[in-house]
Amino acid sequence: MEKIIDEKQQGNALVMEPKTGNGKKLMIESYGCQMNFSDSEIVASILSKEGFDTTQNLEEADLVLINTCSIRDKAEQTVRKRLEKYNAVKKINPGMKVGVLGCMAERLKAQFLEEEKIVDLVVGPDAYKDLPNLINEVEEGRNAVNVILSKDETYGDISPVRLQSNGVSAFVSITRGCDNMCTFCVVPFTRGRERSRDPQSIMEEVNELAQKGFKEITLLGQNVDSYLWYGGGLKKDFKNASEMQKATATNFAALLRMVAEAHPKMRVRFSTSNPQDMTLDVIEAMAKYPNICKYIHLPVQSGSDRILKAMNRLHTREEYFELIDNIRKLMPDCAISQDMITGFPTETEEDHQDTLSLMEYVKYDFGFMFAYSERPGTMAARKLEDDVPEEVKKRRLTEIVNLQQQHSHFRTRQFVGKTVEVLIEKESKKSDAHWSGRTTQNTVAVFPKEQYKIGDFVNVKINDCTSATLIGEAVGYSENN
């Protein structure tokens, strides 16, 4: 569950410039984590070569693809509702084909095709290159399915179409899959074993984005810190690599340095980190390069050693504190955010208090907090009874969320009176006279537009704040402009 799910983006239909003009229309909607949104860009790229233009209008689509998420039951229910809607449209437009991509496709392949007969094709996260063949199968009247998980597919050779991009920030996928068998998480089963992408293809993509004028990139993976390239192959097989491969391997810290040095004025972010893989050399690289953003998403899931063990998180509370201390020592201004699951099986009141005290210690800038929901197929579902009553989960979650609100406000207040660099991304949601952008710490700042424009790096003096947003005024361009 090491993903940030941006609720504002859920279900967005992706759109790119039409270039084929031959009339085949693709509608692609994405749910879940950034990885899914990034994957949809890869899918659009593959299908544009097959003559598909994107559309946001369901009624005119020849092919509708829904890129799905299995992290929580709620995510799956949302997708089911969308599929019902597609089916209603299918009655009017029987030629329209519907496909399910991503994690739910991997998890529920047979169900979608055979039992419910609501989709024409089912494509897992590693099979997107097979889409042209699968679409041909469907056009010839057969159901099509490919959910084979790959040991080597990284889509490194496909240049993603930047869909719905603001032209300012872009995602660059660097790893796929995950080897961490956290007992609550379905990702290793839906996205397969962990493999890293060739650093050369990553650098090519980054250089291309820089040439197109992008100002910020986010290196993306289920677990970016465990990035490891030694000529191809799975992370778990590195122990069998030759001496030469081991000596010339590229780890995450080295990749970060390469990207930061190549484009000193481009901001570099990454997501998501896993505490057990976050090494000192990554923190040192972040501290050294001003263009690597001072923000780490560092999911902890629980503050109780007993629960961490039951979750198969490979770190203890103490080790996590040590990591936080190292970050604070090398980068005092670094923002840290969390993922937290409350009500995991067997969680006691004491375990819950441990989580609250861990939060007090770290005082996260913000977080993503959930009550535990059992995912079929995971180790926790097989071995542990979901025994924490719903109302107890709700109360504990409320206590965690309330404490996080206090900490978020404490963090944003630290900025009042200071001048910070903001990269302008879009118009403010609340006022068309204001710009909205983020600081290096990933905090949103809004300020009057004046003469500035999207994509500018601006120094902003912060005069006020809410628990999530900084409010200020621009005092000039920053040196990165």
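Residues numbered from 1 in each chain as written. Predicted model: local features only at pLDDT ≥ 70, side-chain atom pairs only at ≥ 80, totals over all residues. Heavy atoms only, no water.

A. How the structure looks around the layout of surface pockets. In this model, the second largest pocket occupies a volume close to 330 Å³. What lines the second largest pocket is a set of 18 residues, among which Arg267, Pro290, Glu421, Thr440 and Asn480 lie closest to the centre. Sort the elements by how many residues they give to the lining of the second largest pocket and strand S17 (residues 419-427) lands first, with 3 residues. A per-class count over the lining of the second largest pocket returns 7 nonpolar, 6 polar and 5 charged. (1 Å grid on protein atoms, 1.4 Å probe; cavity = no way out; pocket = protein on both sides within 12 Å on 5 of 7 lines; lining within 4 Å. Points joined across faces, edges and corners; volume = space filled by probe spheres on them. Helix = DSSP H or I, 4+ residues; strand = E, 2+ residues; numbered from the N terminus. Nonpolar A, V, L, I, M, F, W, Y, C, P; charged D, E, K, R; others polar.)

B. Expanded view of the pattern of salt bridges. The full count for this structure, using the stated rule, is 31 salt bridges. For lysine 236, the salt bridge is made with aspartate 237, and the minimal N-O distance between the two is 3.3 Å. Accessibility expressed as a relative area gives 33% for lysine 236, which makes it partly exposed. Note on aspartate 237: relative accessible area 27%, which makes it partly exposed. The closest approach of N and O atoms between arginine 306 and aspartate 351, which form a salt bridge, is 2.7 Å. Highlighted residues: arginine 306 in helix H11 (residues 305-310) and aspartate 351 in helix H13 (residues 349-362), separated in sequence by 45 residues. Overall, the relative accessible area of 5% leaves aspartate 351 in the buried class. (Salt bridge = Lys/Arg side-chain N within 4 Å of Asp/Glu carboxyl O. Buried < 20%, exposed > 50% of the residue type's maximum accessible area, 1.4 Å probe, protein only.)

C. Layout of the nonpolar core. Counting residues in hydrophobic clusters, the biggest one holds 47 residues, and the most contacted among them are Leu219, Phe252 and Phe270. Ranked by residues supplied to this core, first place goes to helix H9 (residues 252-262) with 6 residues. Contacts of phenylalanine 270, omitting those with residues within four sequence positions, involve Thr218, Leu219, Val224, Phe252, Leu256, Met278, Val282, Met286 and Ile296. Among the nonpolar cores identified, the runner-up in size contains 22 residues, and Leu83, Val89, Val100 and Leu108 belong to it. (Core = buried A, V, L, I, M, F, W, Y, C linked by side-chain atoms within 4.5 Å. Contact = heavy atoms within 4.5 Å.)

D. Region of interest: the side chain of serine 428. Tracing the backbone shows serine 428 in the loop between S17 and strand S18 (434-438). Exposure remark for serine 428: the relative accessible area of 11% places this residue in the buried category. A distance of 3.2 Å separates the side chain of serine 428 from the backbone nitrogen of lysine 430, its partner in a polar contact. When neighbours within four sequence positions are excluded, serine 428 is seen to be in contact with His434, Trp435, Ser436 and Val446. (Polar contact = N/O pair within 3.5 Å; in protein donor to acceptor, adjacent residues only side chain to side chain.)

E. Geometry of the environment of alanine 144. With respect to the helices and strands, the residue alanine 144 is situated in strand S6 (residues 144-146). Residues alanine 144 and proline 264 lie 120 residues apart in sequence; the distance between their C-alpha atoms is 46 Å.

F. Representation of the pairing of strand S16 (residues 366-371) within the structure. Where strand S15 (residues 335-342) meets S16, 6 bridges bridge the pair, whose relative direction is parallel. Residue pairing in the sheet places threonine 342 in a bridge with alanine 371 of S16. (Pairing = 2+ DSSP bridges.)

G. Seen up close, the packing of helix H7 (residues 199-211) against H9. Running from N to C, H7 and H9 point in directions that differ by 30°, and their axes come no closer than 11 Å. What the angle tells us is that H7 and H9 run roughly parallel. Seen along the crossing, H7 lies across H9 with a hand that is right-handed. When H7 is examined against H9, the residues Pro199, Ile202, Met203, Val206 and Asn207 are found in contact with a partner set consisting of Leu255, Met258, Val259 and Ala262. Along the lines of polarity and charge, the residues of the contact of H7 with H9 split into 8 nonpolar, 1 polar and no charged. (Axes fitted to C-alpha atoms, helices over the stretch in contact; angles between N-to-C directions. Parallel < 35°, antiparallel > 145°, perpendicular 65-115°, else oblique. Left-handed = near helix turned anticlockwise from the far one by under 90°.)

H. Broad picture of unusual backbone geometry. Cis geometry marks the peptide bond from serine 271 to threonine 272, where omega comes out at 5°. Within the secondary structure layout, threonine 272 lies in the loop between strand S13 (267-271) and helix H10 (280-288). Of note in this structure, asparagine 312 is not a glycine but carries a positive phi near 60°. Counting through the fold element by element, asparagine 312 comes out in the loop between H11 and helix H12 (317-330). By relative accessible area, asparagine 312 is classed as partly exposed at 31%. Even without a glycine there, the phi angle at threonine 346 is positive, about 70°. Summarising the element assignment, threonine 346 is placed in the loop between S15 and H13. Taking the relative accessible area as the measure of exposure, threonine 346 reaches 32% and is therefore partly exposed.

I. Representation of the sheet that holds strand S14 (residues 295-297). On the basis of which strands lie adjacent, the open sheet formed by 3 strands has the order S14-S15-S16 and parallel pairing. Looking at the sheet topology across the chains shown, the edges are occupied by S14 and S16. Strand after strand, the sheet turns through a mean of 10° between neighbouring axes, direction not considered. Against the sheet, helix H15 (residues 390-413) engages S15 and S16, with an angle of about 175° to S16.

Function cannot be read off these values alone, since they describe shape.
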